[in-house]
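Listed below are the residues making up each chain.
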Amino acid sequence: MLCCSRRYLSLIPTRNLALSTFTRSFATGSSEEGNALKIKPKSTTALRRTASASLPIRANPTPTRSSIETVFTIATAQKYLLSRLQDHLYSGHLLTGARVLHEAFWIPNWKQGEIFVFGNGSFVCWGLGEKDARSFESEVLRPVSGFQVALLKEAETEELEFVTDRTENKTLFDSGDLIILGKTTPLDTKDASLSILPPTVFPRDTLYARYAFSQALSRSTALSGLEVSLDDYLSSMTHLPHALEETGKPGMSRKALIKKLGELMKFRQGLNLNRENFSDIPDFYWTEPELERYFKSMSDALEIKLRTDLVNDKITYAAEAQSVLRQLLTESSSHNLELIIIALIAVEVVVALVRDGPELWEMFKGDSAEKESKET
């Protein structure tokens, strides 16, 4: 029998092909969209390598342990304006008990599930599957005007599993692929909102554990959307080196190239500079080491730091390549300007000769005749 003090986290291979489930395909993509991302064997990912550790728990259920349920995460946009969702719900479309919970908008009960909506364009559903998650997006989020900023071409998803067990000493994620929500330690800083919580589907004492796991999951899914968008962008630029090799010209105007460079800067800003970035640990966890451990364990399992660094490297390479192309365009423009100046000077000379040529010729002939008369 497996020791009850162990905890596990579960990841199901249901992410769509565009995301290429946890493959982290960072190689330079083919211009063919269908071949841009390829699914790697499950055993190559960090979570897959430890998935077998949860098999004893799955095979040996206990009376105190709930049935296995789903945690489904979906990203539909680059950004959500949570204030607009809050105003919308509070103006007559209120979901019972919905409220702001630190950096998320928390819906404690929707179709017998719990939902955390984050500003990075994703939301996490506990106890709900993909069908219910998409229904939430279409019925609750989509009608809110201006809530979703920069919609993704295709929604990115993650699917996990969890169980609750009040006899477990801790809620912990060390290995395996199944979350077990057990007992949690009280927060180091008192949160007055915990004393007035509305009715919840899942145990109240694990609320912040679910929040910490959800925030890491939302970052991973939002990063997946950025990865796919960046891959599409890089695919659109693959013809530039070939055009330079074949014709000696970039094959793109200077203005178009600068616009592409602006898109790259936007990618980097979204990755590193926005409030909901992928590198920093949220301030809330600085005084809550237990929650920070949940957040970091999930982030490490999803390889968020590694993926962020690789995306930054790809952006840096693309920016350097485009900088070289822009320099070539600048040199080409300077050369063309020099040719124009030479042509203008030549035209000025021709005009001067046509306009003043006869007079100059007469002056020259007169001087010659005067010189000959003096010699004679």
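Our subject is the structure that appears above.
Please read all numbers here as calculations on a predicted model, not as lab measurements. (Residues numbered from 1 in each chain as written. Predicted model: local features only at pLDDT ≥ 70, side-chain atom pairs only at ≥ 80, totals over all residues. Heavy atoms only, no water.)

### A word on the overall build of the protein chain
Inference 1: Per the secondary structure count, the protein chain includes nine helices and eight strands.
Inference 2: A buried classification covers 43% of the 376 residues belonging to the protein chain.
Inference 3: Restricting to contacts in the protein chain with at least 6 residues of sequence separation, those with at least 24 account for 73%.
Inference 4: Surface exposure of the protein chain reaches about 20,100 Å², of which carbon and sulfur atoms provide 57%. (Helix = DSSP H or I, 4+ residues; strand = E, 2+ residues; numbered from the N terminus. Buried < 20%, exposed > 50% of the residue type's maximum accessible area, 1.4 Å probe, protein only. Contact = heavy atoms within 4.5 Å. Areas by Shrake-Rupley, 256 points an atom, 1.4 Å probe, with all protein chains shown as cover.)

### Quick word on the pairing of strand 4 (residues 104-110)
Inference 1: Burial of strand 4 is extensive: six of the seven residues sit out of reach of the surface.
Inference 2: As judged from the three bridges shared by strand 3 (residues 99-101) and strand 4, these two strands associate in the antiparallel manner. From the neighbouring strand, V100 faces strand 4, where its bridge partner is F105.
Inference 3: Taken together, strand 3 and the strand that follows it, strand 4, pair antiparallel across an intervening segment of two residues, in which H102 is found at a positive phi of about 55°. (Pairing = 2+ DSSP bridges.)

### Looking at the side chain of S224
Inference 1: By the secondary structure assignment, S224 is in helix 5 (residues 207-236).
Inference 2: Classification of S224 by relative accessible area gives buried; the value is 0%.
Inference 3: At 3.1 Å, the side chain of S224 and the side chain of R307 are in polar contact. (Polar contact = N/O pair within 3.5 Å; in protein donor to acceptor, adjacent residues only side chain to side chain.)

### With respect to unusual backbone geometry
Inference 1: The phi dihedral of H102 is positive, around 55°, even though this residue is not glycine.
Inference 2: Along the chain, the position of H102 falls in the loop between strand 3 and strand 4.
Inference 3: Under the relative-accessibility criterion, H102 is labelled partly exposed at 38%.
Inference 4: Positive phi, close to 65°, is recorded for Q112, a residue that is not glycine.
Inference 5: Relative to the helices and strands, Q112 resides in the loop between strand 4 and strand 5 (113-118).

### Quick look at the nonpolar core
Inference 1: Counting 48 residues, the largest nonpolar core has F116, W126, Y211, L264 and M298 as the members making the most contacts within it.
Inference 2: The leading source of residues in this core is helix 5, at 13 residues.
Inference 3: If you look at the next biggest cluster of nonpolar residues, it comprises 23 residues, including L85, L95, A98 and W110. (Core = buried A, V, L, I, M, F, W, Y, C linked by side-chain atoms within 4.5 Å.)

### Remarks on helix 8 (residues 289-301)
Inference 1: Over its 13 residues, helix 8 extends 18 Å from the first C-alpha to the last, a length consistent with the 18 Å expected when each residue adds 1.5 Å.
Inference 2: Immediately beyond the C-terminal end of helix 8, within one or two residues, lies E303, with a positive phi of roughly 60°. (Expected span 1.5 Å × (residues − 1).)

### Remarks on the pattern of salt bridges
Inference 1: Counted under the stated rule, the structure contains eight salt bridges.
Inference 2: Between R142 and E137 there is a salt bridge, with its nearest N and O atoms 2.7 Å apart.
Inference 3: Taking relative accessible area as the criterion, R142 reaches 54% and is therefore assigned exposed.
Inference 4: Residue D309 is joined to K305 by a salt bridge in which the shortest nitrogen-to-oxygen separation is 3.2 Å. Within this pair, D309 and its partner K305 are both found in helix 9 (residues 304-375), separated by four residues, close to a single helical turn.
Inference 5: The exposure class assigned to K305 is exposed, which follows from its relative accessible area of 61%. (Salt bridge = Lys/Arg side-chain N within 4 Å of Asp/Glu carboxyl O.)

### Re a nonpolar patch on the surface
Inference 1: Together, L337, I340, I341, L344, I345, V349 and L353 line one region of the surface with nonpolar side chains, adding up to about 680 Å² of accessible area.
Inference 2: Take I341: it is sitting in helix 9. (Patch = residues over 30% accessible without salt bridge, like charges linked within 9 Å, V, L, I, M, F, W, Y side chains within 5 Å.)

### What to know about helix 4 (residues 130-141)
Inference 1: Across its 12 residues, helix 4 extends 15 Å between first and last C-alpha, which sits within 8% of the 16 Å expected from 1.5 Å per residue.
Inference 2: Among all positions in helix 4, only A133, S135, F136, E137, V140 and L141 are buried.

### A few points about the packing of aromatic side chains
Inference 1: For the structure on display, the rule yields 14 aromatic pairs.
Inference 2: Consider the rings of F116 and Y211, whose centres lie 6.1 Å apart with planes at 65°: the pair is edge-to-face. On the criterion of sequence distance, the pair formed by F116 in strand 5 and Y211 in helix 5 is long-range, its members being 95 residues apart. No difference in accessibility class separates F116 from Y211, as the two residues are buried.
Inference 3: Connected via pairs of aromatic rings, a cluster forms that spans F116, F118, Y208, Y211, F284, Y285 and F295. (Phe/Tyr/Trp six-rings, centres within 6.5 Å; stacked < 30°, edge-to-face > 60°.)

### Looking at the side chain of E137
Inference 1: With respect to the secondary-structure elements, E137 resides in helix 4.
Inference 2: Under the relative-accessibility criterion, E137 is labelled buried at 9%.
Inference 3: For E137, the residues in contact, after removing those within four places along its chain, are T76, F123, R142, P143 and Q148.

### Some thoughts on the pairing of strand 5
Inference 1: Counted residue by residue, strand 5 has six buried out of six residues, so it is predominantly covered.
Inference 2: The side-chain alternation of strand 5 yields two buried faces, one formed by G113, I115 and V117 and the other by E114, F116 and F118.
Inference 3: The turn joining strand 4 and strand 5, which pair antiparallel and follow one another in sequence, is formed by two residues; a positive phi near 55° is taken by K111.
Inference 4: Of the pairings in the sheet, the one linking strand 5 to strand 6 (residues 122-126) comprises five bridges and is antiparallel in character.

### Observations regarding the environment of K296
Inference 1: Note on placement: K296 falls in helix 8.
Inference 2: Taking the C-alpha atoms as reference, K296 lies 8.9 Å from A212; in sequence the two are 84 residues apart.

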